[in-house]
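Architecture at a glance
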Amino acid sequence: MEGAQALPELASVPWRRPTDGRWLRRRARVWQAWTALYTVPFVAAGVLIFMLEPLAVPVSLLAFAHAWVIPRLYADRGAAVLRPKGPRNAGAEPVAQGLLGDLLDHGPRELQARTGLALEPGALGTWVVGEAGALLVTDRGRRVHCFCVRVPDPALPPSDRIAHLLLALRVDEVGFATVANHAFAGAPWRVRRRLPERARPALAAARSDTR
Amino acid sequence: MSRLIRMDSSGHSTLAEWTPVDDASFEAAVEEFRGQLELGYIGTVPDGPGKATHVRDLPREADLVIMRRPIAGG
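Residues numbered from 1 in each chain as written. Chains lettered and ligands numbered in written order. Predicted model: local features only at pLDDT ≥ 70, side-chain atom pairs only at ≥ 80, totals over all residues. Heavy atoms only, no water.

Side note on the overall build of chain B
Counting its secondary structure elements, chain B contains 1 helix and 6 strands. When its helices and strands are written in sequence order, chain B yields β-β-α-β-β-β-β. In terms of overall size, chain B behaves like a compact globule, its C-alpha atoms giving a radius of gyration of 12 Å where 74 residues would be expected to give roughly 11 Å. Overall size of chain B, expressed as C-alpha extent along the three principal axes, is 45 × 25 × 25 Å. Counting across all 74 residues of chain B, residues that qualify as buried make up 46%. Sequence separation of at least 24 residues holds for 47% of the intrachain contacts in chain B that already meet a minimum separation of 6. Carbon and sulfur atoms provide 48% of the accessible area of chain B, an area that totals close to 3400 Å². When the 8 positive and 12 negative side-chain charges of chain B are each reduced to one mean point, those points stand 8 Å apart. (Helix = DSSP H or I, 4+ residues; strand = E, 2+ residues; numbered from the N terminus. Rg over C-alpha atoms; globule rule 2.2 N^0.38 Å. Buried < 20%, exposed > 50% of the residue type's maximum accessible area, 1.4 Å probe, protein only. Contact = heavy atoms within 4.5 Å. Areas by Shrake-Rupley, 256 points an atom, 1.4 Å probe, with all protein chains shown as cover. Lys, Arg positive; Asp, Glu negative; His and termini not counted. Charge placed at Lys NZ, Arg CZ, Asp CG, Glu CD.)

As structure tokens, then:
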């Protein structure tokens, strides 16, 4: 069989460096520093204002609210990659679901039927693949990276969109992560709270698989 | 019987079927495969859990070849 293991879509993003383990670790550190950078000053300002003028407590509270809301918004952006998007195409979905089920092992197939998400162990970590994005759980379940990636064809039923991403991921994991847009990196609990209830078992399974 | 399928708005469509020993059916499948490549589809062979191969030519021995659309960052 004549095959090629580089993802063909990489040709559309020639400027990007490969999203490998080293890149992911560096990106996680940048996100950690960035979170501290926009949280600590607001907390410090809130404390300082209160110490200088206790009557200015509303201003202090406003600063604390900023320190709380901004990381929450970033995590929300990360969790959004797994939310169902686009038309449901209900008529074609059973056929697509059958094909996707054939691509999965028994455990991930059962999980996909429950959560709508496909679990895929990889070399970089364990992936949770959705219709328009994927999570990558790394560092023994302590870190999650969120990626926006999709097949730009709204006519496809949801399971076919997942199957597209799953096949691309299986061809070239680093290539898949390179083509995808990195949206967030942080602790899994930050993302979990913002996922739809139905999707949470998939993240838990990925964390468990990574450990 | 090997199958060439395309993921599309119907879920998936079977485009061609062939057996490795039947040259005529294989040639017809190759024509169909090339036509799909020209339309922008990508050929992928699922190799079992966790593995798949991108193919530029239709592999005669593969059980299933799936045509998919290119993916892109969202």
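Still more to cover.
Quick word on helix 4 (residues 106-115) of chain A
Every α-helical turn comprises 3.6 residues, leaving residues that sit three or four positions apart pointing alike. All names here are of chain A. Inspection of helix 4 places Pro108, Leu111, Gln112 and Thr115 among the buried residues, and these make up the whole buried set. Down the axis of helix 4, the buried side of the element spans an arc of 100°, and every buried residue falls inside it. Set apart from the buried face of helix 4 by more than 90 degrees, the exposed residues are His106 and Ala113. The elements touched by buried residues of helix 4 are helix 3 (93-103), strand 2 (118-121), helix 5 (158-171) and helix 8 (200-210). Looking one or two places after helix 4, you find Gly116, whose phi comes out positive at around 80°. (Arc of directions from axis to C-beta.)

Overview of the layout of surface pockets
Residues and elements named next belong to chain A. In this structure, the largest pocket spans a volume of roughly 290 Å³. Along the walls of the largest pocket sit 19 residues, with Arg88, Thr115, Gly116, Glu131 and Arg198 positioned nearest its centre. Elements supplying a minimum of two residues to the lining of the largest pocket: helix 3, helix 4 and helix 5. Residue composition of the lining of the largest pocket, by class: 9 nonpolar, 5 polar and 5 charged. Counted as a void, the second largest pocket has a volume near 210 Å³. Residue lining of the second largest pocket: 16 residues in total, with Lys85, Gly86, Glu131, Ala132 and Arg150 positioned closest to the centre. In terms of residue count, strand 5 (residues 143-150) provides more of the lining of the second largest pocket than any other element does, 3 residues in total. (1 Å grid on protein atoms, 1.4 Å probe; cavity = no way out; pocket = protein on both sides within 12 Å on 5 of 7 lines; lining within 4 Å. Points joined across faces, edges and corners; volume = space filled by probe spheres on them. Nonpolar A, V, L, I, M, F, W, Y, C, P; charged D, E, K, R; others polar.)

Topic: the confidence of the model for chain B
When pLDDT is averaged along chain B, the result is 96; 100% of the residues meet or exceed 70. The complex model carries a pTM of 0.93, and its ipTM stands at 0.96. (pLDDT = per-residue confidence, 0-100.)

Observations concerning unusual backbone geometry
Residues and elements named next belong to chain A. Positive phi, normally seen in glycine, also occurs at Asn89, with a value near 45°. With respect to the helices and strands, the residue Asn89 is situated in the loop between helix 2 (57-79) and helix 3. By relative accessible area, which is 25% here, Asn89 ends up partly exposed.

Overview of the packing of aromatic side chains
For the structure shown, the criterion picks out 7 aromatic pairs over all chains. When the centroid spacing of 5.3 Å and the interplanar angle of 85° are considered together, the rings of A:Trp127 and A:Phe176 count as edge-to-face. Taken together, the positions of A:Trp127 in strand 3 (residues 126-129) and A:Phe176 in helix 6 (residues 173-179) put the pair 49 residues apart, joining distant regions of the chain. You'll find A:Trp127 and A:Phe176 in the same group, each marked buried. Through a chain of ring-to-ring contacts, three or more aromatic side chains come together here, namely A:Trp31, A:Trp34, A:Tyr38, A:Tyr74 and A:Phe184. The aromatic ring of B:Tyr41 is capped on one face by B:Arg69, whose charged end is 4.2 Å from the ring centroid. (Phe/Tyr/Trp six-rings, centres within 6.5 Å; stacked < 30°, edge-to-face > 60°. Lys NZ or Arg CZ within 6 Å of the ring centre and 35° of its normal.)

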